[in-house]
Amino acid sequence: MILPLQFFLSLEATLQENLLPRCAVEVSPGEALDRLLPFLDRLPVVALAFPAFNDGRSYSKAELLRSRFGYRGDIRATGDVLIDQIPHMLRCGISSFEVKNETTLRRLEAGRRGGVPLHYQPSAAAPAGRGKYSWRRASQ
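Residues numbered from 1 in each chain as written. Predicted model: local features only at pLDDT ≥ 70, side-chain atom pairs only at ≥ 80, totals over all residues. Heavy atoms only, no water.

Asks: Break down the pairing of strand β2 (residues 24-27) for me, with residues and values.
Replies: Bridging between strand β1 (residues 2-4) and β2 involves three bridges; their strand directions are parallel. Paired with Ile2 across the two strands is Ala24, which belongs to β2. In terms of strand pairing, β2 meets strand β3 (residues 45-50) through four bridges, oriented parallel. Within β3, the position partnered with Val27 by the bridge is Leu48. (Pairing = 2+ DSSP bridges. Helix = DSSP H or I, 4+ residues; strand = E, 2+ residues; numbered from the N terminus.)

Below you can see the structure in the form of structure tokens.
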């Protein structure tokens with residue numbers, strides 16, 4: 001069960017605590033993560049909304065959840081998830097996807113994830129290996 005952040009926060013404290021082990025909270029791009037922080041240690045899934053393929057604010061939220069807030073649960077991308085975005089989403093710390101796009105589904109079912117094999121910037125995910133140069137990282 002995925003609950004919108006505002007709905008989850010509007011619930012009484014006892015109900016929130018009862019729901020925490022078995023629900024996910026979805027954060028929209030315009031919503032701050034701050035109000036969700038007290039629940040992260042008990043929340044198994046944080047869903048990040050991607051309402052349009054060109055709205056990248058949820059990438060930053062995934063990175064913050066992993067690196068700054070130390071969240072180790074499942075971060076799920078929901079909404080308009082396209083095949084070209086998946087490698088970068090994985091690098092930002094997203095660990096599961098709710099995919100509705102038919103082309104993306106077909107490519108994933110065929111095992112064709114795509115992406116660029118080398119990166120110059122660090123990521124929330126541990127690099128698969130390094131090349132001869134410290135600034136070049138292999139993709140996972």
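Asks: Describe helix α3 (residues 57-68), with residues and values.
Replies: Spanning twelve residues, α3 covers 16 Å between terminal C-alpha atoms, matching the ideal 16 Å at 1.5 Å per step. Along α3, the residues classified as buried are Ser58, Tyr59, Lys61, Ala62, Leu65 and Arg66. Along the axis of α3, the buried residues cluster in a sector spanning 165°; they form a single face. Where α3 is buried, its residues touch β2, β3, β4 (74-79) and α4 (86-92). Downstream of α3 by one or two residues, Gly70 has phi in the positive range, about 65°. (Expected span 1.5 Å × (residues − 1). Buried < 20%, exposed > 50% of the residue type's maximum accessible area, 1.4 Å probe, protein only. Arc of directions from axis to C-beta. Contact = heavy atoms within 4.5 Å.)

Asks: Requested: an account of the packing of aromatic side chains, with residues and values cited.
Replies: Evaluation of the coordinates by the stated rule reveals two aromatic pairs. Judged by centre distance (5.1 Å) and plane angle (85°), the ring pair of Phe8 and Phe39 falls under edge-to-face. Highlighted residues: Phe8 in helix α1 (residues 5-10) and Phe39 in the loop between β2 and β3, separated in sequence by 31 residues. The two residues Phe8 and Phe39 agree in class, both being buried. For the ring pair Phe50 and Tyr59, a centre distance of 5.2 Å and an interplane angle of 75° mean the geometry is edge-to-face. Phe50 sits in the buried class, given a relative accessible area of 0%. Residue classification places Tyr59 among the buried residues on the basis of a relative accessible area of 14%. (Phe/Tyr/Trp six-rings, centres within 6.5 Å; stacked < 30°, edge-to-face > 60°.)

Asks: Go over the pattern of salt bridges with me, naming the residues and quoting the values.
Replies: One pass over the full model with this rule turns up five salt bridges. In this structure, the salt-bridge partner of Arg57 is Asp55, at a minimum N-O distance of 2.8 Å. Here Asp55 falls in the buried class, since its relative accessible area comes to 14%. In this structure, Arg76 engages Asp74 in a salt bridge whose closest nitrogen and oxygen atoms are separated by 3.2 Å. Assessed through its relative accessible area of 19%, Asp74 is described here as buried. (Salt bridge = Lys/Arg side-chain N within 4 Å of Asp/Glu carboxyl O.)

Asks: I'd love a proper account of the nonpolar core, names of residues and values included.
Replies: Phe8, Leu36, Val46, Leu48 and Leu65 are the most contacted members of the largest nonpolar core, which totals 31 residues. When residues of this core are traced back to their parent elements, those giving at least two are α1, β2, β3, α3, β4 and α4. With sequence-adjacent residues up to four places away left out, Phe8 is seen in contact with Leu3, Gln16, Leu20, Val25 and Phe39. (Core = buried A, V, L, I, M, F, W, Y, C linked by side-chain atoms within 4.5 Å.)

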